[in-house]
Amino acid sequence: MTALLPVLSGLGTGLALIVAIGVQNTYLLRLAVSARLGVVAVAVGVCALSDAALIVAGVLGVGAVVERVPAALLVIRFVGAAFLITYGVLAARRALRPSGDAIRLDDRAAEDGVPVAAAVDADGSGTTDAVSGHTLEAAPASRGRPAPPGRVDSGLVGAGPVGSRLVDSGPVRSGPGGPTMRAAVLTMLVFTWANPHVYLDTLVFLGSVANQQGPDDRWWWTVGAVAASCLWFGALGFGGRLLRLLFAKPVTWRVFDALVAVVMLAFGLTLLLGA
């Protein structure tokens, strides 16, 4: 019971601080509805581990060092502002001038049981299977009488839509603009570590609150704060995949990209102006 109270206190404080509309949460939600499960899982891991490392560093007193080196936060602020503004402009461009891509929901289930999302080419030439990593092209209409029952054209894929032809196109991205593993990880690292507010929230604020719990309870409090990050990012990343049915509509992507643009530009300008 003695350890439970600081754990719950750390859990509540961590959730109150992290559950908000921010650049990291917004990008993770985009990955949840557009990327493959493996990409989402790695992104969730990057967010949770980054938060855990920063919180523990704050408890160990690194926050005091950061406060004494304002030049470092100044550099991080301008780098983060430039990245956020650039990403916001690109999101606004997607909202105002959509590429014509949309998420197509397959009848089959993805590896996590969520309907498969596939990027539909703007020219209608074919779709990209988000699980197999192949392109499904519409096969030409057959001439003459149909094939007898039980006979399968060797060039057709039974698992895909009727009359689809399998074309090996290598690794692909699922959903409109769904990033590759490398791009998703690098972008998430920038959103996490190039944001000076994350250092103030975790290293300084959470670190100081944890150390106020006393030498015996501060690490139990830290366990609760780290658990809050893991719970939130896991719920956002894996729970957000349930919204893929909603994002089957192109208009949903336009609205979402418009909101992303507002969030990114607002945070970027805030950092740039030093607010």
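As a reminder, the structure under discussion sits directly above these lines.
Quantities reported herein were computed from a predicted structural model and do not represent experimental measurements. (Residues numbered from 1 in each chain as written. Predicted model: local features only at pLDDT ≥ 70, side-chain atom pairs only at ≥ 80, totals over all residues. Heavy atoms only, no water.)

### With respect to the pattern of salt bridges
Part 1 of the argument: On inspection of all chains with the given rule, the structure shows 2 salt bridges.
Part 2 of the argument: The partner of aspartate 257 in a salt bridge is arginine 30, with the nearest N and O atoms 2.6 Å apart. You can see aspartate 257 sitting in helix H9 (residues 250-273) and its partner arginine 30 sitting in helix H2 (residues 23-34), a full 227 residues away along the chain. Across the pair, exposure class does not vary: aspartate 257 and arginine 30 are buried alike.
Part 3 of the argument: The partner of aspartate 257 in a salt bridge is arginine 94, with the nearest N and O atoms 3.2 Å apart. (Salt bridge = Lys/Arg side-chain N within 4 Å of Asp/Glu carboxyl O. Helix = DSSP H or I, 4+ residues; strand = E, 2+ residues; numbered from the N terminus. Buried < 20%, exposed > 50% of the residue type's maximum accessible area, 1.4 Å probe, protein only.)

### A few points about the environment of leucine 269
Part 1 of the argument: Along the polypeptide, leucine 269 turns up in helix H9.
Part 2 of the argument: Of the residues examined, leucine 269 reaches a relative accessible area of 45% and is grouped as partly exposed.
Part 3 of the argument: Spatially, the C-alpha atoms of leucine 269 and leucine 84 are 8.5 Å apart, while their sequence positions differ by 185 residues.

### Regarding the packing of aromatic side chains
Part 1 of the argument: One pass over the full model with this rule turns up 8 aromatic pairs.
Part 2 of the argument: Ring geometry for phenylalanine 247 and tryptophan 253: centres 4.8 Å apart, planes at 65°, overall edge-to-face. In this structure, phenylalanine 247 and tryptophan 253 share a single accessibility class: buried.
Part 3 of the argument: With a centroid separation of 6.2 Å and an interplanar angle of 85°, the aromatic rings of tryptophan 253 and phenylalanine 256 are classed as edge-to-face. With tryptophan 253 and phenylalanine 256 both in helix H9 and 3 residues apart, the pair spans about one turn of that helix.
Part 4 of the argument: You can call tryptophan 253 buried: its relative accessible area is 5%.
Part 5 of the argument: Residue classification places phenylalanine 256 among the buried residues on the basis of a relative accessible area of 10%.
Part 6 of the argument: Counting every residue linked through ring pairs, the aromatic cluster contains Tyr27, Phe83, Tyr87 and Phe191. (Phe/Tyr/Trp six-rings, centres within 6.5 Å; stacked < 30°, edge-to-face > 60°.)

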